[in-house]
Amino acid sequence: VQLQASGGGLVQAGGSLRVSCAASGGMVSNYAMGWFRQAPGKEREFVACITRSGANTYYTDSVKGRFTISRDIAKNLVYLQMNSLKPEDTAFYYCAAALYFGESSQSSVNLYNYWGQGTQVTVSS
């Protein structure tokens, strides 16, 4: 599967942004899907994931209550809705797909088999 992230941009603190991940060559419903981010000089970190069944979503503590991961099977898209953005959310955001059929959180970079290119999100103070 090939993944293409889009929707990044510049937003003021407190604002909202939705990034999207388009899949081709495979269906998002066949994978656990995740969003990760990487700021300059830092390691790539887990943000959110949705299980293959779509029944469960997981978030890193710093974004709980502010970010929402979802998917549109008909459009073969995965979204990350980001509200109440903070300057510390500034990073490249990556979507990824994991060949995992369980319901637990997939928060490790190493568990994902396919990656898209990043989309830049910049939050100004």
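For the structure, see preceding data.
Everything quoted here is computed from the prediction, not taken from an experiment.

Can you help me understand the nonpolar core in this one?
If you look at soluble globular proteins, the nonpolar side chains tend to sit buried side by side. One finds M33, W35, L80, M82 and Y93 to be the most contacted residues of the largest nonpolar core, which totals 30 residues. Looking at this core, the elements with two or more residues in it are strand 1 (2-6), strand 3 (17-24), strand 4 (32-38), strand 5 (45-50), strand 7 (67-72), strand 8 (77-82), strand 9 (91-98) and strand 11 (119-124). One finds A32, C49, A96 and A98 within the second-largest nonpolar core, a separate group that totals seven residues.

Would you take a moment to explain the state of the cysteines for this structure?
Working definition: the covalent bond between the sulfur atoms of two cysteines is a disulfide. Inspection of the entire model under this criterion finds one disulfide. Note that C21 is cross-linked by a disulfide to C95, the S-S spacing being 2.2 Å. Because the torsion about its S-S bond is 65°, the bridge between C21 and C95 counts as right-handed. On the criterion of sequence distance, the pair formed by C21 in strand 3 and C95 in strand 9 is long-range, its members being 74 residues apart. The same class applies to C21 as to C95, namely buried. A disulfide-free cysteine, C49 has its sulfur positioned 13 Å from the sulfur of C95, the nearest such atom. Given a relative accessible area of 2%, C49 falls into the buried group.

Procedures and definitions
- Residues numbered from 1 in each chain as written.
- Predicted model: local features only at pLDDT ≥ 70, side-chain atom pairs only at ≥ 80, totals over all residues.
- Heavy atoms only, no water.
- Core = buried A, V, L, I, M, F, W, Y, C linked by side-chain atoms within 4.5 Å.
- Buried < 20%, exposed > 50% of the residue type's maximum accessible area, 1.4 Å probe, protein only.
- Helix = DSSP H or I, 4+ residues; strand = E, 2+ residues; numbered from the N terminus.
- Disulfide = S-S within 2.5 Å.

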